[in-house]
Number of protein chains: 2
Amino acid sequence: MTRAETAATTRRALVRAASELLDEGGPDAVTLRAVGARAGVSRGAPYGHFENKDHLLTQLAVDAWNSLAEEAGRLRAAPETPVRARLEGGLLALIALARRQPHLFALMFNTPANTPAAAEAANRVANQFLALVADVVGEADAPRYGALLMSSAYGIAGMELSGHLATETWHVSVEQLVHMLVDPLRPR
Amino acid sequence: MTRAETAATTRRALVRAASELLDEGGPDAVTLRAVGARAGVSRGAPYGHFENKDHLLTQLAVDAWNSLAEEAGRLRAAPETPVRARLEGGLLALIALARRQPHLFALMFNTPANTPAAAEAANRVANQFLALVADVVGEADAPRYGALLMSSAYGIAGMELSGHLATETWHVSVEQLVHMLVDPLRPR
DNA sequence: GCTTTCATGTGACGTTGTCATGTGATCTAT
DNA sequence: ATAGATCACATGACAACGTCACATGAAAGC
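None of these values were measured; they are calculated from a predicted model. (Residues numbered from 1 in each chain as written. Chains lettered and ligands numbered in written order. Predicted model: local features only at pLDDT ≥ 70, side-chain atom pairs only at ≥ 80, totals over all residues.)

## A short note on the overall build of chain A
Link 1 in the chain: Along the backbone of chain A there are 8 helices and 0 strands.
Link 2 in the chain: Of the regular secondary structure in chain A, the N- to C-terminal order runs α-α-α-α-α-α-α-α.
Link 3 in the chain: Taken over the C-alpha atoms alone, chain A extends approximately 60 × 40 × 25 Å along its principal axes.
Link 4 in the chain: Here chain A, with 188 residues, has 41% of them falling under the buried criterion.
Link 5 in the chain: Of all intrachain contacts in chain A linking residues separated by at least 6 positions in sequence, the fraction that spans at least 24 positions is 67%. (Helix = DSSP H or I, 4+ residues; strand = E, 2+ residues; numbered from the N terminus. Buried ≥ 20, exposed ≤ 12 C-beta atoms within 10 Å, placed from the backbone. Contact = placed C-beta atoms within 7 Å.)

## With respect to the interface of chain A and chain B
Link 1 in the chain: Facing 35 residues of chain A, the contacting portion of chain B comprises 35 residues.
Link 2 in the chain: Contributing elements (two or more residues each) for the side of chain A that touches chain B: helix H5 (102-109), helix H6 (116-137), helix H7 (142-161) and helix H8 (174-182) of chain A.
Link 3 in the chain: Here the side of chain A that touches chain B gets 12 residues from one element, more than from any other, and that element is H7 of chain A.
Link 4 in the chain: When the residues that make up the side of chain A that touches chain B are grouped by side-chain class, the tally is 18 nonpolar, 16 polar and 1 charged. (Nonpolar A, V, L, I, M, F, W, Y, C, P; charged D, E, K, R; others polar.)

## A few points about the relation of the copies chain A and chain B
Link 1 in the chain: Superposition of chain A onto chain B requires a rotation of 180° combined with a translation of 0.0 Å along the rotation axis, giving an RMSD of 0.1 Å. Taken together, the rotation angle and the small translation identify this as a two-fold axis. (Least-squares fit on C-alpha atoms with pLDDT ≥ 70 in both.)

## Considering the protein's contact with DNA strand D
Link 1 in the chain: As a matter of local geometry, DNA strand D sits amid 20 residues, with Thr10, Val41, Ser42 and Gly44 of chain A together with Thr2 of chain B nearest to it.
Link 2 in the chain: Of all the secondary-structure elements, those providing two or more residues to the surface near DNA strand D are helix H1 (3-25) of chain A together with helix H2 (32-39) of chain B.
Link 3 in the chain: Element by element, the count of residues in the surface near DNA strand D is highest for H1 of chain A, at 4 residues.
Link 4 in the chain: For the surface near DNA strand D, the class distribution of residues is 5 nonpolar, 9 polar and 6 charged. (Near = placed C-beta within 6 Å.)

## A look at the packing of helix H3 (residues 53-76) of chain B against helix H5 (residues 102-109) of chain B
Residues and elements named next belong to chain B.
Link 1 in the chain: Remark: H3 packs on H5, axes separated minimally by 9 Å, with the N-to-C direction vectors making an angle of 95°. With respect to each other, H3 and H5 are oriented roughly perpendicular. Contacts between H3 and H5 involve Leu57, Leu60, Ala61, Ala64 and Trp65 from the former and Leu104, Leu107 and Met108 from the latter.
Link 2 in the chain: Grouping the amino acids of the contact of H3 with H5 by side-chain chemistry returns 8 nonpolar, no polar and no charged. (Axes fitted to C-alpha atoms, helices over the stretch in contact; angles between N-to-C directions. Parallel < 35°, antiparallel > 145°, perpendicular 65-115°, else oblique.)

## Focus: the protein's contact with DNA strand C
Link 1 in the chain: Neighbouring residues of DNA strand C: 21 residues in total, closest Thr2 of chain A together with Thr10, Val41, Ser42 and Gly44 of chain B.
Link 2 in the chain: Looking at the surface near DNA strand C, the elements that each hand over two or more residues are helix H2 (32-39) of chain A together with helix H1 (3-25) of chain B.
Link 3 in the chain: With 4 residues, the top contributor of residues to the surface near DNA strand C is H1 of chain B.
Link 4 in the chain: Partitioning the surface near DNA strand C into residue classes produces 5 nonpolar, 10 polar and 6 charged.

Printed below as a string of structure tokens:
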């Protein structure tokens, strides 16, 4: 392997190790020493690839934003599905991500995008959702409703993750809540 | 001062110090050493009053939940205000809290209620919101709409805090989003 | 007045992120 | 091809952190 190849390989191994540790044990489990060990390098190796620990975590968020944008794009290119169902599918994809990788989800949403690449990746998702919404309510109202729907879906997912939806006060399913958001939407 | 009095005083000082440090410098600034120093005691003193650092932070969340519940209760007891405006005021109170004390807000919502007292305090808020919503849509639909509204308001606040609402994709104000949530509600 | 209790202070330990420095392999230029 | 530069990585060190065991001194109870 050439020098650039080995470097790229280690970098990928570091990101993968950090992602696995985050999923398995939450943020506290992602120590640079553990990441290095799982990636087969030492504890100081990440500093050759990332400015610091935060930037390594940011890379996880960037990757997640990008695959979420891809997923939303696939949904939009499903012409046989009604527009409202496609939009609902996009919101449910967000919630599925929160359930599958809760710590990664928190990293994406509860943290400011502290890097240009992160902001760009998050924007890609926003634009895909904007397009999904525009297919339902039209271009003019899409920004307002898009912001409302994405914020609400994020809020529903977050409330479920933190357990605040599971109290006796509200006995509703997350799917029901998402449906309540999308159902009343009509082109005007 | 009797022994119980001094103990209660230091406990209050610890909570106050932790709250101030959280507001001023975020979670990283809340170290037990800094809390102790600001409260006028040593770094080990908190362990006489709280099991853990986490339990000290939980106390901050409990207090915040309780004052939020009080605020919502005051809103509900304002008979001259229309029901929908009262509900909107409740949601805006949540958002105002997020703007005033963002780190405390994150502590309340992005963390599971890891103590019975915390769960109870959060439930008090939920029930107050439930009542505000019931005054608008009726008792039958209140749980569904209450869960939706509180999740959405939390989501809007969180998206604003993390900067994800300030992109070029959606140019909307938070107040506009809250209004879009409350405006279409009607008793059925 | 003597003993118990208890809030608090202090020393210590393991862990963490981070940096300075060392090292050995790869690249480049003659 | 070989000598020097470059670069990925390892290692030692340091300050800060949460946490606990233990010391201490004052209030409580008899």
